[in-house]
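One letter stands for each residue in the lines below.
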Amino acid sequence: MQAWQVHENGEPGEVMRLAEVPPPTPGDGQVLLRVRAANVNFPDALLCRGQYQVRPPLPFTPGVEVCAETEDGRRVLANPALPYGGFAEYTVADAAALLPAPDALDDAEAAALHIGYQTGWFGLHRRAGLQAGETLLVHAAAGGVGSAAVQLGKAAGATVIGVVGGADKAAVARELGCDTVIDRRSEDVIAAVKEATGGRGADVIYDPVGGAAFKQSTKVVAFEGRIVVVGFASGDIPSAALNHALVKNYAILGLHWGLYNTKNPGLVAECHGRLTELAATGAVKPLVSDRVPLDGAAGAVQRVADGVTTGRVAVVLEKGAAA
């Protein structure tokens, strides 16, 4: 079968190589899956660079979420078991963690519903307790993680402010349903948020960026507001001034979605059921901005790493070749 492999750490476009390799053999509790579509995530770039919290042995295949087909013909969502990631014709995953792919979504959309939307759901609802009528601010609102949070926020009845970088991304954020869009490249984010909220600030702030975005968040979070930290796409992990959180009465909440798979997997299945219902009604629909064939995976991961994409980029295998 064909699979992308990383033999040394570095930039995805330089270290990912397409190769002919034997199909993986499932271990105990695992199943073999034929990949239908694999979504590109920022962690794929971190894996290539050797900067992710999980460091699989070299060589490995990146690709952390797929829509795939089981040997008995079921269409499922899965997180591949590294080192056999999803940018390949076949992968393996834990049988107990498979989730049914929503009928309302095609393969690329279904692959994109998993990590980003689960993270958004747990962050906004489980951790931050977002309520209808509250104001939600989403950093990187046109990106893969941010676009999911925007849709989930709107579905929950929140007023959504999207912060983006550039006019093209601002247009995408408006199409996603943001009530207010702020271009950080041409506007003062802090002043714009205060103007949009009448000086009150945002009740919930969803931050996959870190760095300067987190510092801005601390200046525009409302009384008893909640800042949900879900990642550091900027590469800058900020330090929180806890005295500031004390005097302004706000909470800083961490969200590592992967922990729920081991600490409370029942919640993951429950969340998937709710996401499937939202997809069926059209309340959420992953924004897949680009679909590339398997041989375009390295370039796609590099574009996501460079921050030039909107929504999700999916690697689509129309028919999975024979092993």
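Bear in mind the structure is a predicted one, so any value in this text is a computation, not a measurement. (Residues numbered from 1 in each chain as written. Predicted model: local features only at pLDDT ≥ 70, side-chain atom pairs only at ≥ 80, totals over all residues. Heavy atoms only, no water.)

**Q** Quick question: what am I supposed to make of the environment of Ala314 here?
**A** Its location among the elements puts Ala314 in strand β15 (residues 312–316). Residues Ala314 and Val301, spaced 13 residues apart in sequence, show a C-alpha to C-alpha distance of 9.7 Å. Leave out the neighbours within four places in its chain, and Ala314 touches Ala38, Asn39, Ala108, Val288, Asp290, Arg291 and Val292. (Helix = DSSP H or I, 4+ residues; strand = E, 2+ residues; numbered from the N terminus. Contact = heavy atoms within 4.5 Å.)

**Q** I'm lost on unusual backbone geometry in this one. Help?
**A** Across the chain, the bulk of peptide bonds are trans and the bulk of non-glycine residues have phi less than zero. Between Leu58 and Pro59 the backbone carries a cis peptide bond, its omega angle lying at -10°. Summarising the element assignment, Pro59 is placed in the loop between α2 (42–49) and β4 (65–69). The residue after Leu82, namely Pro83, is reached through a cis peptide bond having omega 20°. Residue placement: Pro83 occurs in the loop between β5 (75–78) and β6 (90–94). The residue Ala140 is not glycine, and still its phi comes out positive at about 55°. Within the secondary structure layout, Ala140 lies in the loop between β8 (135–139) and α5 (144–155). Phi at Asn249 takes a positive value of approximately 55°, unusual for a residue other than glycine. Note that Asn249 resides in the loop between α9 (242–248) and β13 (251–254).

**Q** Honestly, the pattern of salt bridges in this entry has me stumped. Any pointers?
**A** Where charged atoms from two side chains of opposite charge approach closely, those side chains can pair. Considering all chains together, one arrives at 14 salt bridges under this definition. For Arg49, the salt bridge identified is with Glu11, shortest N-O distance 2.8 Å. Of this pair, Arg49 sits in helix α2 while Glu11 sits in the loop between β1 (2–6) and α1 (12–15), placing them 38 residues apart in sequence. Judged by its relative accessible area of 22%, Arg49 falls in the partly exposed class. Among the residues examined, Glu11 registers a relative accessible area of 27% and is labelled partly exposed. For Glu69, the salt bridge identified is with Arg34, shortest N-O distance 2.7 Å. (Salt bridge = Lys/Arg side-chain N within 4 Å of Asp/Glu carboxyl O. Buried < 20%, exposed > 50% of the residue type's maximum accessible area, 1.4 Å probe, protein only.)

**Q** Sorry, what's going on with helix α4 (residues 115–127) here?
**A** Among the 13 residues that make up α4, 10 are buried, leaving the element largely enclosed by the rest of the structure. Within α4, the full set of buried residues consists of Ile115, Gly116, Tyr117, Gln118, Thr119, Gly120, Trp121, Phe122, Gly123 and Leu124. Gly129 sits one or two residues past α4 and shows a positive phi near 60°.

**Q** Got a minute to help me understand the sheet that holds strand β11 (residues 202–207) in this structure?
**A** One open sheet holds the 6 strands; their spatial order is β10-β9-β8-β11-β12-β13, and the pairing between them is parallel. What marks the edges here is a single partner per strand, and that holds for β10 (180–183) and β13. Mean inter-strand twist for the sheet, computed between neighbouring axes without regard to direction, equals 20°. Here strand β12 (residues 221–229) pairs with β13 via 4 bridges, running parallel. When the sheet's bridge partners are listed, Ile227 is paired in β13 with Ile252. α4 rests against β8, β11, β12 and β13 of the sheet, and its axis sits at about 150° to β11. (Pairing = 2+ DSSP bridges. Axes fitted to C-alpha atoms, helices over the stretch in contact; angles between N-to-C directions.)

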